[in-house]
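Analysis of the macromolecular model
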Amino acid sequence: MHAMLNIAVRAARVAGNIIAQGFEHRDDLMTESKSENDYVTRVDKEAEQAIINKIQQSYPNHSFVGEEGGVIEGDDDFKWIIDPLDGTTNFVRGVPHFAVSIALMHKGRLDQGVVFDPIRNELFTASRGASAQLNGYRIRCSNAKELRGSLLATAFPFKNKEKELQESMQLFSRVYPQCGDIRRSGSASLDMAYVAAGRLDGYWEKGLKPWDMAAGALLIQEAGGLVTDFKGGHEPMKTGSLVCGSTKLVPALLKTFKG
């Protein structure tokens, strides 16, 4: 395992322990609302700080971008992108589907990625050029070639519903009749990890932040899949729109989006 990936795994497990303990004592979460339908708990904050502390023990000069803590300045050649608890609404409501997401960008390129599900103890990891793994075993995206029979995932807007809902429903109505079925789980990083593992054939969502998708994007790329934005471009972390899946399914999805 790459040295920096090893540190990321240790950080994810430390955060996972905090999250698992918090999940057992949800009456003490101290939940706050960041905006309408968007929540943060003390566990989110504690987990993010634990991740940063663990990484800084080995790499004190690196920079960080975290969902809860914002930007920590440092060596921009090495930038850690962190979502300490992706799926906070699930977590708060007692739905056991959420994850820790940690990615490292080296000189602007995704280099290391970890998505850790602390409830199922599933650790998804990837290093650039060295494949993707689940609990130490190599994983691959599915070989789905068309929408027919495919299992997909997406998300509906929980912010700005009036502005975004119509477009989301239009896309859904175009795809759903052509595929096998569609899921909406509430955790982008786990959806992407499931795509990398071949559990899902594809996934799309708009309005994402870099910490939502960075680790998952590397997992999919290293598992032989394709990651684009809604226009087929290759910088979804800049546009915030994401389409990913098997190499032949993604073009089919993009074509369907156009109507």
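Cut-off values and rules
Residues numbered from 1 in each chain as written. Predicted model: local features only at pLDDT ≥ 70, side-chain atom pairs only at ≥ 80, totals over all residues. Heavy atoms only, no water. Helix = DSSP H or I, 4+ residues; strand = E, 2+ residues; numbered from the N terminus. Buried < 20%, exposed > 50% of the residue type's maximum accessible area, 1.4 Å probe, protein only. Salt bridge = Lys/Arg side-chain N within 4 Å of Asp/Glu carboxyl O. Axes fitted to C-alpha atoms, helices over the stretch in contact; angles between N-to-C directions. Parallel < 35°, antiparallel > 145°, perpendicular 65-115°, else oblique. Left-handed = near helix turned anticlockwise from the far one by under 90°. Contact = heavy atoms within 4.5 Å. Nonpolar A, V, L, I, M, F, W, Y, C, P; charged D, E, K, R; others polar. Expected span 1.5 Å × (residues − 1). Phe/Tyr/Trp six-rings, centres within 6.5 Å; stacked < 30°, edge-to-face > 60°. Lys NZ or Arg CZ within 6 Å of the ring centre and 35° of its normal. Pairing = 2+ DSSP bridges.

Another aspect to go through is the environment of F64. Within the secondary structure, F64 is located in strand β3 (residues 62-66). What makes F64 buried here is its relative accessible area of 1%. Measuring from C-alpha to C-alpha, the distance between F64 and I82 comes to 7.6 Å, with 18 residues separating the pair along the chain.

Let's shift gears to the pattern of salt bridges. The final tally for this structure, using the stated rule, is 8 salt bridges. Residues E167 and K206 are paired through a salt bridge, measuring 2.6 Å at the closest nitrogen-oxygen approach. Here K206 lies in the loop between β13 (202-205) and α6 (210-222) and E167 lies in helix α4 (residues 161-175), a separation of 39 residues in the sequence.

Before going further, it helps to spend a moment on unusual backbone geometry. Here the phi dihedral of K107 falls at roughly 55°; this positive angle occurs in a residue that is not glycine. Along the chain, the position of K107 falls in the loop between β6 (99-106) and β7 (109-117). Of note in the backbone geometry, S131 takes a positive phi value of approximately 75° without being a glycine. Structurally, the position occupied by S131 is in the loop between β8 (122-127) and β9 (132-134).

What follows deals with the packing of helix α1 (residues 3-24) against helix α2 (residues 42-58). Running from amino to carboxyl end, α1 crosses α2 at an angle of 155°, the nearest separation of the two axes being 9 Å. Relative to α2, the element α1 is oriented roughly antiparallel. Crossing handedness for the pair α1 and α2: right-handed. Contacts between α1 and α2 pair I7, R10, A11, V14, A15, I18, I19 and G22 from the former with V43, E46, A47, A50, I51, K54, I55 and S58 from the latter. Of the residues contributing to the contact of α1 with α2, the split by class is 11 nonpolar, 2 polar and 3 charged.

This paragraph deals with the packing of helix α5 (residues 188-196) against α6. Packed helices, taken two at a time, are described by the angle their axes make and the gap between the axes. For the pair α5 and α6, the least separation of the axes is 8 Å and the interaxial angle reads 0°. It follows from the interaxial angle that α5 and α6 lie roughly parallel. Contact with α5, carried on its side by A188, S189, M192, A193, V195 and A196, involves D212, M213, G216, A217, L219 and I220 of α6 and no other residues of that element. Partitioned by chemical class, the residues of the contact of α5 with α6 number 9 nonpolar, 2 polar and 1 charged.

Next up on the list: the environment of V250. Counting through the fold element by element, V250 comes out in helix α8 (residues 249-257). Each C-alpha atom, one on V250 and one on T228, is 8.1 Å from the other, the two residues being 22 residues apart in sequence. Those residues in contact with V250 that lie beyond four places of it in its chain are L226, T228, V243, C244 and G245.

Moving on, we come to α2. In a regular helix each residue adds 1.5 Å, so 17 residues correspond to 24 Å; α2 covers 25 Å between its end C-alpha atoms and thus fits that length. Buried within α2 are the following residues: R42, V43, D44, A47, E48, A50, I51, I52 and I55.

Taken as a whole and judged by the stated rule, the model has 8 aromatic pairs. Pairing F124 with Y194 gives two aromatic rings, centres 6.3 Å apart and planes at 50°, and the pair type is tilted. With F124 in strand β8 and Y194 in helix α5, the pair connects residues that are 70 residues apart, well separated along the chain. Judged on exposure class, the residue F124 and its partner Y194 are both buried. Between F230 and F257, the aromatic rings sit 5.2 Å apart at their centres with planes inclined by 25°, giving stacked as the arrangement. Of the two residues, F230 is situated in the loop between β14 (226-228) and α7 (236-239) and F257 in helix α8; the sequence distance between them amounts to 27 residues. Exposure class is identical for F230 and F257. Each is buried. By the ring-pair criterion, three or more aromatic residues cluster together here, those being F23, F91 and F98. A cation over a ring is seen here: R199 above Y194, with NZ or CZ 4.8 Å from the ring centre.

It is worth spelling out the pairing of β6 at this point. Counted residue by residue, β6 has 7 buried out of 8 residues, so it is predominantly covered. Two strands pair when backbone bridges link them, and strand β5 (residues 75-86) and β6 are joined in this way by 7 bridges, in the antiparallel orientation. Looking across to β6, one finds that D83 is bridged to S101. Direction of pairing for β6 relative to β7: antiparallel, over a ladder of 7 bridges. The partner of S101 across the bridge, within β7, is V115. Counting the residues between successive antiparallel strands, the hairpin from β6 to β7 contains 2 residues, one of them, K107, with a positive phi of roughly 55°.

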